[in-house]
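# Coordinates in review
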Amino acid sequence: MRIEGKTVSVFKIRNRKGYAAICSNNITEGRTSQEACCRMAKALKRKPKKK
């Protein structure tokens, strides 16, 4: 799956209920794969923190 031109991988979490999504040093969880993807889209919109 692609969000904002970046590849997102979604998988079932083994020891928990729900799914996780990983993309460019971000990880999100949700009850469904669609919820995890929506949360990832929100995470990718955030600006990186300045050091």
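First, a word on what this report is: a plain description of the structure on this page. This is a predicted model, so every value here is computed, not measured.

## Examining the nonpolar core
As a rule of thumb, nonpolar side chains are buried together in soluble globular proteins. Counting eight residues, the largest nonpolar core consists of Ile-3, Val-8, Ala-21, Cys-23, Ala-36, Met-40, Ala-43 and Leu-44. Counting residues per element, this core draws most heavily on helix H1 (residues 33–45), at four residues. Filtering out sequence-adjacent residues up to four positions away, Met-40 remains in contact with Ile-3, Val-8, Ala-21, Ile-22, Cys-23, Asn-26, Ile-27 and Thr-28.

## With respect to unusual backbone geometry
Despite not being glycine, Ser-24 shows a phi value in the positive range, around 40°. The residue Ser-24 is located in the loop between strand E4 (19–23) and strand E5 (26–30) in this model. Overall, the relative accessible area of 44% leaves Ser-24 in the partly exposed class. Phi is positive for Asn-25, which is not a glycine, with a value near 65°. Its place among the elements puts Asn-25 in the loop between E4 and E5.

## Focus: the layout of surface pockets
One number sums up the size of the largest pocket: a volume of about 250 Å³. The wall of the largest pocket is formed by Lys-6, Ser-24, Asn-26, Ala-43, Leu-44, Arg-46, Lys-47, Pro-48 and Lys-49.

## Examining the sheet that holds E4
Strand order in this open sheet of three strands is E3-E4-E5, and the pairing throughout is antiparallel. Of all the strands in the sheet, the pair left with one neighbour each is strand E3 (9–12) and E5. Strand-to-strand twist in this sheet, taken as the mean axis angle between neighbours without regard to direction, amounts to 20°. Sheet topology places E4 next to E5; five bridges connect them, and they run antiparallel.

## Let's talk about the environment of Lys-17
Of note, Lys-17 is situated in the loop between E3 and E4. Measuring from C-alpha to C-alpha, the distance between Lys-17 and Glu-29 comes to 9.7 Å, with 12 residues separating the pair along the chain.

Criteria and cut-off values
- Residues numbered from 1 in each chain as written.
- Predicted model: local features only at pLDDT ≥ 70, side-chain atom pairs only at ≥ 80, totals over all residues.
- Heavy atoms only, no water.
- Core = buried A, V, L, I, M, F, W, Y, C linked by side-chain atoms within 4.5 Å.
- Buried < 20%, exposed > 50% of the residue type's maximum accessible area, 1.4 Å probe, protein only.
- Helix = DSSP H or I, 4+ residues; strand = E, 2+ residues; numbered from the N terminus.
- Contact = heavy atoms within 4.5 Å.
- 1 Å grid on protein atoms, 1.4 Å probe; cavity = no way out; pocket = protein on both sides within 12 Å on 5 of 7 lines; lining within 4 Å.
- Points joined across faces, edges and corners; volume = space filled by probe spheres on them.
- Pairing = 2+ DSSP bridges.
- Axes fitted to C-alpha atoms, helices over the stretch in contact; angles between N-to-C directions.

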